[in-house]
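Next come the chains, spelled out residue by residue.
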Amino acid sequence: MSATRSPKVSERVAPKAADPQPPKKKKHDEDDGPDFATLFRAWIESHRASWIDSLRRLGKQPIGSFFTCMVMAVALSLPMGLSLLLNNVERLGGSWQRAAQISLYLELEASPAQGEALRDQIKGMPGVADAEYVGRDQALEEFQQQSGLGEALRELPENPLPGVVLVTPNEVDKPTLEALRQKLSELPKVQQAQLDLVWVERLAAILKLGDRFVFGLTVLLVSALLLVIGNTIRLHIENRRTEIEVIKLVGGTDSYVRRPFLYMGALYGFGAGLLSWGVLAFGLNWLNDAVVGLAGLYGSDFALAGVPVADGLSLLLGAVLLGYIGAWIAVARHLRELAPK
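Given the structure is predicted, the values throughout are model-derived calculations rather than measurements.

**Q** Explain the sheet that holds strand β1 (residues 102-106) to me, please; I cannot follow it from the model alone.
**A** Hydrogen bonds between backbone atoms are what pair the strands of a sheet, whose relative direction is either parallel or antiparallel. Strands sit in the order β2-β3-β1-β4 across an open sheet of four strands; the sheet is antiparallel. Edge positions in the sheet fall to β2 (128-134) and β4 (190-195), since each has one partner strand and no second. Across this sheet, the average inter-strand angle for adjacent strands is 20°, counted without regard to direction. Two strands pair when backbone bridges link them, and β1 and strand β3 (residues 164-169) are joined in this way by four bridges, in the antiparallel orientation. If you follow Ser103 over to β3, its bridge partner there is Leu166. Together, β1, β2, β3 and β4 form the strand contacts of helix α9 (residues 174-185), whose direction differs from that of β4 by roughly 170°.

**Q** What exactly am I supposed to notice about helix α6 (residues 112-123) here?
**A** Note on helix geometry: an α-helix contains 3.6 residues per turn, so any two residues three or four positions apart are oriented the same way. Its 12 residues give α6 an end-to-end C-alpha distance of 17 Å, which sits within 8% of 16 Å, the value for a rise of 1.5 Å per residue. Every buried residue of α6 is accounted for by Gly115, Leu118 and Ile122. When α6 is viewed along its axis, its buried side chains cluster within an angular range of 60° and face the same direction. In this structure, the buried residues of α6 make contact with β1, β2, β3, α9 and β4.

**Q** What exactly am I supposed to notice about the pattern of salt bridges here?
**A** A pair can form between side chains of opposite charge whenever their charged atoms are brought close. Per the stated rule, a full pass over the model turns up four salt bridges. Among the ionic pairs, Glu178 bridges to Arg181, the shortest N-O distance being 3.0 Å. Residue Glu178 and its partner Arg181 are located together in helix α9, separated by three residues, close to a single helical turn. Residue class for Glu178 comes out partly exposed when judged on its relative accessible area of 37%. A salt bridge links Glu238 to Arg241; the shortest N-O distance between them is 3.1 Å. For Arg241, a relative accessible area of 19% gives the class buried.

**Q** Got a minute to help me understand the side chain of Arg258 in this structure?
**A** Tracing the backbone through its elements, the reader meets Arg258 in helix α12 (residues 254-297). Given a relative accessible area of 14%, Arg258 falls into the buried group. Setting aside chain neighbours within four positions, we find Arg258 in contact with Trp328, Val331 and Leu335.

**Q** Would you explain the packing of helix α10 (residues 198-239) against helix α13 (residues 309-334) in this entry?
**A** Each packed pair of helices is defined by two parameters, the angle between the axes and the distance between the axes. Where α10 meets α13, the closest approach of the two axes is 8 Å, and the angle between their N-to-C directions is 50°. By the angle between their directions, the pair α10 and α13 is classed as oblique. As for how α10 packs across α13, the hand of that crossing is right-handed. Across the interface between the two elements, Val222, Leu225, Leu226, Ile229, Gly230, Ile233, Arg234 and Ile237 from α10 touch Leu322, Gly323, Ile325, Gly326, Ala327, Ala330, Val331 and His334 from α13.

**Q** What exactly am I supposed to notice about a negative patch on the surface here?
**A** A grouping of Asp130, Glu132, Asp137, Glu141 and Glu142 is seen on the molecular surface, where their side chains present a negatively charged patch. Going through the elements one at a time, β2 and α7 (136-147) are the ones with two or more residues in the negative patch. Take the negative patch: its biggest share by element is three residues, from α7. In this fold, Glu141 is placed in helix α7. Accessibility expressed as a relative area gives 47% for Glu141, which makes it partly exposed.

Here is what the cut-offs are and how they apply
- The residue numbering used here restarts from 1 in each chain and proceeds along that chain's sequence as written.
- Only residues with pLDDT of at least 70 are given local features in this predicted model, and only at 80 or more are side-chain atom pairs given and counted; all residues enter the totals for whole chains, interfaces and linings.
- Remark: hydrogens and water are excluded; side-chain values derive from all non-hydrogen atoms of the structure.
- Two strands make a pair as long as DSSP finds a minimum of two bridges between them.
- Helical segments are the DSSP runs of H or I of at least four residues, strand segments are the runs of E of at least two, and each set is numbered from the N terminus.
- Where helices are involved, their axes are fitted lines through C-alpha atoms of the stretch in contact, as for all axes, and angles between N-to-C directions lie from 0 to 180°.
- Should any heavy atoms of two residues lie within 4.5 Å, those residues are counted as being in contact.
- One less than the number of residues in a helix, times 1.5 Å, gives the span that helix is expected to have.
- Accessible area is worked out with a 1.4 Å probe on protein chains only. A residue is then buried under 20% of its type maximum, exposed over 50%, and partly exposed in between.
- It is the directions from the helix axis to the C-beta atoms that the arc portrays.
- When a carboxyl oxygen of Asp or Glu is within 4 Å of a side-chain nitrogen of Lys or Arg, the pair counts as a salt bridge.
- To sort the angles, those under 35 degrees are grouped as roughly parallel, those over 145 as roughly antiparallel, those from 65 to 115 as roughly perpendicular, and the leftovers as oblique.
- Should the near helix be turned anticlockwise from the far one by less than a right angle, the crossing is left-handed, and should it be turned clockwise, the crossing is right-handed.
- Grouping into patches uses exposed residues only, defined as over 30% relative accessible area, and leaves out salt-bridged ones; the cut-off is 9 Å for like charges and 5 Å for nonpolar side chains (Val, Leu, Ile, Met, Phe, Trp, Tyr).
- Here the open area of atoms and residues is found with the Shrake-Rupley method and a 1.4 Å probe, where only the protein chains shown may cover a residue.
- In this count, Lys and Arg are taken as positive residues and Asp and Glu as negative ones, while His and the chain termini are left out.
- Lys charges are placed at NZ, Arg charges at CZ, Asp charges at CG and Glu charges at CD.

Structure follows, in structure tokens:
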């Protein structure tokens, strides 16, 4: 009987070394987390959900939301409307150059030819926009019409009025005009150079006072607007307190909790900005009829300008920012109280 060869004990105990295999590659996706594209899509989806949720909640209370926006619109319209009115007054002051004319009274013996030559000379001087010569006969005729003393003036043996050159300056600045007046008074055949800027200075002072008043009113009304937004957002927070506590209990971050209320504040601001723009446009158009009628009595074609598109867009952007800031302040104040107990 042939004997079978049995394996060694060491061979039975220790198995053969397995064939070398290449090391397994690590899954970078699992180790490093989601990539940037996935995170960005999640961020966009979170903001979209907060935006839709804010719109839905405002839509459930249309009357309350409208009146909140209307209160904000009134607070925005007052300073903006006063600022637009001041701008229109300044635009009316664009005729200051005509009102701030320098009147050059010529000597009585100056002939019309000399007056016209002086007018042409003044037109070429720096700082002069235009010059107009009014002869003695024309000056007498205008004085008779405006003074109502036509019959008495006709009894005079000769015309007592001199020729006048009316000089329109390029800009209305008191030191510049005074220097120009002094220079013109030294010209030949000029007996007197008269400049009356008192009413212009008074109007400029009134406009400066108006600017300060508008600035102070803006600060006060913006503070009131922030309080309105803050109180409105606080009510929304109280209505969702239980929901927010549950969100924070399961690990929701402060930014996640804050986001819907920030969108809500921005939406309130956007609605208030649109309403304020409409109120200002309607108000200026309604007031313009009376202004045009008053200006027509004075022989002027002045009319109020509407709300410029740039100013309207600035108003809209400012309202959105104020709503956003007001919501941020309100949530920041109550965020500590929103932690689950």
